[in-house]
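Chain by chain, the residues run as shown.
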Amino acid sequence: MIRCDQVSKRYAESGEVLNHLNLEIAAGEMVFLTGPSGAGKSTLLKLIACLERPSRGQLLVDGRNVGRLTLRQIPYHRRQVGMIFQDHRLLMDRSVFDNVALPLVVAGLGAQEVARRVRAALNQVGLLNKDKAHPQALSGGEQQRVGIARAIVGRPPLLVADEPTGNLDPRLAREVMGLFARFNQVGVTLLIASHDLALISTLPYRTLTLDRGRLVADTHATQITSPETPLNA
Ligand code: ADP
């Protein structure tokens, strides 16, 4: 699903922030991306979503060479990659329904289909009864779940999340990881940037570690012998 061959990213101001990265994530995997602040985690996610382009090397996402996408191909690519952010980036003056509907409206879907899919997405994150609320009226955990519903509403095969639990307490953070695990069980590929090692070390998923733009560890899914509580408990 994701393949990096010698991918580098250089910014004029910061120099090389990703350095000859080689990695492969298969369809259907759920993978954590960790490493210290400034390691390049967000930059890698932005390259995958084609919000930035690699400076060198080849990045393939679902077979598409994202460094070579034309301007006309980018909207389709972005619809295939659901993005979730730490600060969720919701429109505060719009209802939950409108926030989740936005990608579908932009894609030109009809009103009935939009309503059907928005309800399905809100149902998956447990917020069906909050569709008319405005985000300010929701808790931080609920706001994050609206952001997740917006990312899955177009049913992308790949989700990338940038510190999705950074603003959440440990219980809500586990809940969000539980949602991701459920999406993964139905075949969605996930790449989740997180520096919450206390949480991810308790979960049985592959973990990639970046440090100063280089891949320094790739720990494959291990069997956790004594998880505190299973994610979907
Ligand atoms: P992480 O997500 O691991 O904290 P980032 O990918 O956000 O790391 O940042 C990696 C490095 O790239 C940092 O030094 C950061 O300052 C730099 N950087 C990120 N985005 C830009 C940008 N748009 N322009 C210049 N430098 C950037």
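Along every chain, residues carry numbers that run from 1 in the direction the sequence is written. With pLDDT at 70 or above as the cut-off, local features in this predicted model cover only qualifying residues; side-chain atom pairs require 80 or more to be listed or tallied, and sums for whole chains, interfaces and linings still use all residues. Side-chain calculation: all heavy atoms of the structure are included, whereas hydrogens and water are not.

The next subject is the overall build of the protein chain. Broken down by element type, the protein chain carries seven helices and 10 strands. Radius of gyration: C-alpha atoms only; globule rule: 2.2 Å multiplied by the number of residues to the exponent 0.38. The globule rule puts the C-alpha radius of gyration for 233 residues at 17 Å, and the 17 Å found for the protein chain is close to it. Projected onto its principal axes, the C-alpha coordinates of the protein chain cover approximately 50 × 45 × 30 Å. Two residues qualify as a contact provided that any one of their heavy atoms is within 4.5 Å of a heavy atom in the partner residue. Partitioning the intrachain contacts of the protein chain with sequence separation of at least 6 by distance along the chain shows that 69% fall at a separation of at least 24. Residue exposure ignores everything except the shown protein chains as possible cover, and the areas themselves are Shrake-Rupley values with a 1.4 Å probe. Approximately 11500 Å² of the protein chain is accessible, and the part contributed by carbon and sulfur atoms is 50%. Positive charge is attributed to Lys and Arg, negative charge to Asp and Glu, and no charge count is given to His or to the chain ends. Charge positions are represented by NZ for Lys, CZ for Arg, CG for Asp and CD for Glu. Within the protein chain, the 21 negative side-chain charges are centred at a point lying 6 Å from the centre of the 28 positive side-chain charges. In DSSP terms, a helix is any run of H or I states spanning at least four residues, a strand is any run of E spanning at least two, and both are numbered starting from the N terminus.

Salt bridge, as used here, is a side-chain nitrogen of Lys or Arg placed within 4 Å of a carboxyl oxygen of Asp or Glu. Counted under the stated rule, the structure contains 14 salt bridges. Of the charged contacts in the structure, one is a salt bridge between Glu-52 and Lys-9, with a shortest N-O distance of 3.5 Å. Taken together, the positions of Glu-52 in the loop between helix H1 (41–48) and strand E4 (56–61) and Lys-9 in strand E1 (residues 2–11) put the pair 43 residues apart, joining distant regions of the chain. Accessibility expressed as a relative area gives 26% for Glu-52, which makes it partly exposed. Only protein chains enter the calculation, and the probe is 1.4 Å; a residue is then buried if its accessible area is under 20% of its type maximum, exposed if over 50%, and partly exposed in between. The buried category is assigned to Lys-9, whose relative accessible area is 8%. Asp-87 is the partner of Arg-89 in a salt bridge, and the nearest nitrogen-oxygen pair spans 3.3 Å. Look at Arg-89 and you get exposed, because its relative accessible area is 52%.

The subject of this paragraph is the layout of surface pockets. Here a cavity denotes grid points, spaced 1 Å and computed from the protein atoms alone, that fit a 1.4 Å probe unable to get out, and a pocket denotes an open set having protein on both sides within 12 Å along at least 5 of 7 lines; residues with an atom within 4 Å of a point are the lining. Grid points are joined across faces, edges and corners, and a volume is the space filled by probe spheres set on the points. Taken as a whole, the largest pocket spans an internal volume of roughly 680 Å³. As for the largest pocket, its lining consists of 24 residues, and the residues nearest its centre are Arg-78, Arg-79, Val-81, Pro-103 and Arg-150. At the level of elements, helix H2 (74–79), strand E6 (81–85), helix H3 (96–106) and helix H5 (140–152) are the ones that each hand at least two residues to the lining of the largest pocket. For each domain, the first and last residues come from an automatic or database assignment. Summarising the domain contributions, the lining of the largest pocket has at least three residues from each of domain 1 (1–80 + 156–233) and domain 2 (90–154).

Relative to the helices and strands, Gln-143 is located in helix H5. By the criterion applied in these results, polar contacts are pairs of N or O atoms within 3.5 Å in which, for protein atoms, one can donate a hydrogen and the other can accept it, and in which residues neighboring in sequence qualify only through two side-chain atoms. Only 2.7 Å separates the side chain of Gln-143 from the backbone oxygen of Pro-135, close enough to count as a polar contact. Those residues within four positions of Gln-143 in sequence are excluded, and the remaining contacts are His-88, Leu-90, Met-92, Pro-135, Gln-136 and Leu-138.

The next point concerns the packing of aromatic side chains. For Phe, Tyr and Trp, where Trp contributes only its six-membered ring, two rings pair if their centres lie within 6.5 Å, and the inter-plane angle classes them as stacked under 30 degrees, edge-to-face over 60, or tilted in between. Evaluated as defined, the whole model comprises two aromatic pairs. Summarising the aromatic geometry, the rings of Phe-32 and Tyr-205 are spaced 6.0 Å apart at their centres and angled 75° between planes, so their arrangement reads as edge-to-face. Of this pair, Phe-32 sits in strand E3 (residues 30–34) while Tyr-205 is found in the loop between helix H7 (197–200) and strand E9 (206–211), placing the two residues 173 residues apart along the sequence. No difference in accessibility class separates Phe-32 from Tyr-205, as the two residues are buried. Here Phe-180 and Phe-183 contribute two aromatic rings whose centre-to-centre distance is 6.5 Å and whose plane-to-plane angle is 50°, an arrangement assigned as tilted. Taken together, the residues span about one helical turn, with Phe-180 and Phe-183 both in helix H6 (residues 170–185) at a distance of three residues. In this structure, Phe-180 and Phe-183 share a single accessibility class: buried. It is Arg-89 that lies over the ring of Phe-85; its NZ or CZ is 4.0 Å from the centre. The criterion for a charge sitting over a ring is simple: Lys NZ or Arg CZ within 6 Å of the ring centre, and within 35 degrees of the ring normal.

The next point concerns the sheet that holds strand E5 (residues 64–65). Following DSSP output, two strands are said to pair if at least two bridges run between them. The four strands lie next to each other as E2-E1-E4-E5, forming an open sheet whose pairing is antiparallel. At either margin of the open sheet sits one strand with a lone partner, and together these are strand E2 (15–25) and E5. Sheet topology places E4 next to E5; two bridges connect them, and they run antiparallel. Within E5, the position partnered with Leu-60 by the bridge is Asn-65.

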